[in-house]
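For reference, the chains in residue letters:
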Amino acid sequence: MPQSLSSTAEISGKSIIPRHIAIVMDGNGRWAKKRFLPRVTGHRKGVEAVRSIIKACIEQGVEFLTLFAFSSENWRRPEEEVTFLLQLFVNTLEHEVTKLNENGICFKVIGDLSKFDARTVTFIRQGEELTANNNRLIFTVAANYGGRWDIMQAIQKLMIHSPGLMENFEEADLAKYFAMSYAPDPDLFIRTGGECRISNFLLWQLAYAELYFTDTLWPDFDAQALDLAIKSYQQRERRFGRISEQLQNMPVEKGMTKIAAKKKF
Ligand code: IPE
Ligand code: IPE
Ligand code: MG
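Residues numbered from 1 in each chain as written. Chains lettered and ligands numbered in written order. Predicted model: local features only at pLDDT ≥ 70, side-chain atom pairs only at ≥ 80, totals over all residues. Heavy atoms only, no water.

Looking at an unreviewed UniProt entry, the chain carries the name Isoprenyl transferase, with the source organism given as Nitrosomonas communis. Quoted verbatim from the Function (unreviewed entry) heading of the UniProt record, the comment on the chain is "Catalyzes the condensation of isopentenyl diphosphate (IPP) with allylic pyrophosphates generating different type of terpenoids." (UniProt positions renumbered as here; feature names shortened; annotations may be inferred.)

Written as structure tokens, this is what we have:
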């Protein structure tokens, strides 16, 4: 296949610090169970881990952080857990959006918001607007998100907005309708909690991400654990289909190499 037909050919170079980290925050329930506590306590504790990972990402010089908070499959959980998770999401937003803004963080939500009540959607949109011009970290929460939903809704938008293209369209025509079209593809995918699966997260966007799985449960995932994940990432050779020898003399693409610009939170 000619190189120009695959968008993954455009991603190249070695990045010292991943520009974009995407995390499946898993293991809250087991964290609580180990302590004979209700699962919801694990979810509450998980919010604290979110705060510390946002701070750690800024300090490491990560530009984009995307967290999977609630999947399109999580509706299958017991009703009271679903209700708790959605309420926790709304309460956390209400408490944190101002702080995110004060810290120069741009906040975004991706996912099918049609299942959320109007008040929550308005609150999300207001938070996004308030923080839109911040660029210290682009922090995205995936809520009622599914990778397949994302691909389907992008195809639907393409059909509506560019019906003439349906006979012959390229990746870029479709990619602009993905929920995360504002971000580069994740460089590093992390899943806590010991499971080694993607669970319908960013299916398209993870095409060439480096995958990192850890047994650490999400509430225990801290700055040091993030550092280990980044160190593992730094050991990887990202070839994007090439062979090792080709990488030696390859110019590093602008923006791909990022010397750890330590920032103060
Ligand atoms: C992740 O923790 C949080 C969400 C999926 C919302 P879990 O609730 O899946 O925790 P485990 O996997 O049961 O330990
Ligand atoms: C994935 O975790 C979704 C989120 C972290 C929001 P789950 O715990 O729901 O994943 P599976 O179903 O065990 O794969
Ligand atoms: Mg789980």
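(A) Just the site of ligand 1, in detail. Around ligand 1 there are 13 residues in total, and Asp26, Gly29, Arg30, Arg39 and Arg77 lie nearest to it. A distance of 3.3 Å separates an oxygen atom of ligand 1 from a polar atom in the backbone of Gly27. In this structure, Arg30 approaches ligand 1 through a side-chain N or O atom, which is 2.7 Å from an oxygen atom. In isolation ligand 1 has 380 Å² of accessible area, and contact with the protein removes 87% of it. For the shell around ligand 1, the secondary structure elements donating two or more residues are helix H1 (28–34), helix H2 (39–60) and helix H3 (79–102). In terms of residue count, H1 provides more of the shell around ligand 1 than any other element does, three residues in total. Classifying every residue of the shell around ligand 1 by side-chain character gives three nonpolar, five polar and five charged. (Near = heavy atom within 4 Å. Polar contact = N/O pair within 3.5 Å; in protein donor to acceptor, adjacent residues only side chain to side chain. Areas by Shrake-Rupley, 256 points an atom, 1.4 Å probe, with all protein chains shown as cover. Helix = DSSP H or I, 4+ residues; strand = E, 2+ residues; numbered from the N terminus. Nonpolar A, V, L, I, M, F, W, Y, C, P; charged D, E, K, R; others polar.)

(B) Spotlight on the site of ligand 2. The environment of ligand 2 is formed by Val24, Met25, Asp26, Phe68, Ala69, Phe70, Ser71, Asn74, Arg77, Arg191, Arg197 and Ser199. Contact distances for ligand 2 include 2.5 Å between an oxygen atom and a side-chain N or O atom of Ser199. The biggest single contributor to the shell around ligand 2 is strand E2 (residues 64–71), with four residues.

(C) Quick peek at the confidence of the model for the chain. Across the chain, the average pLDDT comes to 91, with 89% of residues at 70 or higher. Contacts from residues 254–261, a stretch scored under 50 in pLDDT, to residues over four places away or in other chains number 19 contacts. (pLDDT = per-residue confidence, 0-100. Contact = heavy atoms within 4.5 Å.)

(D) H3, seen in detail. In a regular helix each residue adds 1.5 Å, so 24 residues correspond to 34 Å; H3 covers 35 Å between its end C-alpha atoms and thus fits that length. If you look at H3, its biggest bend is around 45°, right at Glu96. Taken together, the buried positions of H3 are Glu81, Val82, Phe84, Leu85, Leu88, Phe89, Val90, Thr92, Leu93, Glu96, Val97 and Leu100. Once H3 ends, the next one or two residues include Gly104, with phi positive near 70°. (Expected span 1.5 Å × (residues − 1). Bend = angle between axes of the 7 residues up to and from the residue. Buried < 20%, exposed > 50% of the residue type's maximum accessible area, 1.4 Å probe, protein only.)

(E) Representation of the pairing of strand E6 (residues 210–213) within the structure. In E6, alternate side chains face the same way, and those of Glu210 and Tyr212 are buried while those of Leu211 and Phe213 on the opposite face are not. In the sheet, strand E5 (residues 188–191) pairs with E6 via four bridges, with the strands oriented parallel. Bridge assignment links Leu188 to a residue of E6, and that residue is Glu210. (Pairing = 2+ DSSP bridges.)

(F) Expanded view of unusual backbone geometry. With a phi close to 50°, Asn144 is a non-glycine residue in the positive phi region. Within the fold, Asn144 resides in strand E4 (residues 137–145). Assessed through its relative accessible area of 4%, Asn144 is described here as buried. Its identity is not glycine, yet Asn200 carries a phi of approximately 65°, on the positive side.

(G) The arrangement of the packing of H2 against helix H7 (residues 223–235) in detail. As a packed pair, H2 and H7 sit with axes 9 Å apart at the nearest point and diverge in direction by 50°. Overall, the two elements H2 and H7 adopt an arrangement that is oblique. For the pair H2 and H7, the sense of crossing is right-handed. On the side of H2, the interface is formed by Ile53, Ala56, Cys57 and Gln60, while H7 contributes Ala223, Leu226, Asp227 and Ile230. Here the contact of H2 with H7 is composed, by residue class, of six nonpolar, one polar and one charged. (Axes fitted to C-alpha atoms, helices over the stretch in contact; angles between N-to-C directions. Parallel < 35°, antiparallel > 145°, perpendicular 65-115°, else oblique. Left-handed = near helix turned anticlockwise from the far one by under 90°.)

(H) Expanded view of the UniProt feature "active site" (unreviewed entry) in the chain. Taking the numbering used here, the UniProt-annotated feature "active site" (unreviewed entry) corresponds to Asp26 and Asn74. Across 49 residues, the annotated set stays spatially compact, with a maximum C-alpha separation of 12.1 Å. Within the element layout of this structure, Asp26 appears in the loop between strand E1 (20–24) and H1. Ignoring any residue separated from it by four or fewer positions in sequence, one finds Asp26 in contact with Arg191, Thr192, Gly193, Glu195, Leu217 and Trp218. Locating Asn74 in the fold gives a position in the loop between E2 and H3. There is a polar contact of 2.7 Å between the side chain of Asn74 and the backbone nitrogen of Ser71.

(I) Local environment of the pairing of strand E3 (residues 105–110). In terms of burial, E3 is a largely internal element, five of the six residues being buried. Judged from the six bridges that link them, E3 and E4 form a sheet pairing that is parallel. Across the sheet, residue Ile105 finds its bridge partner in E4, namely Leu137.

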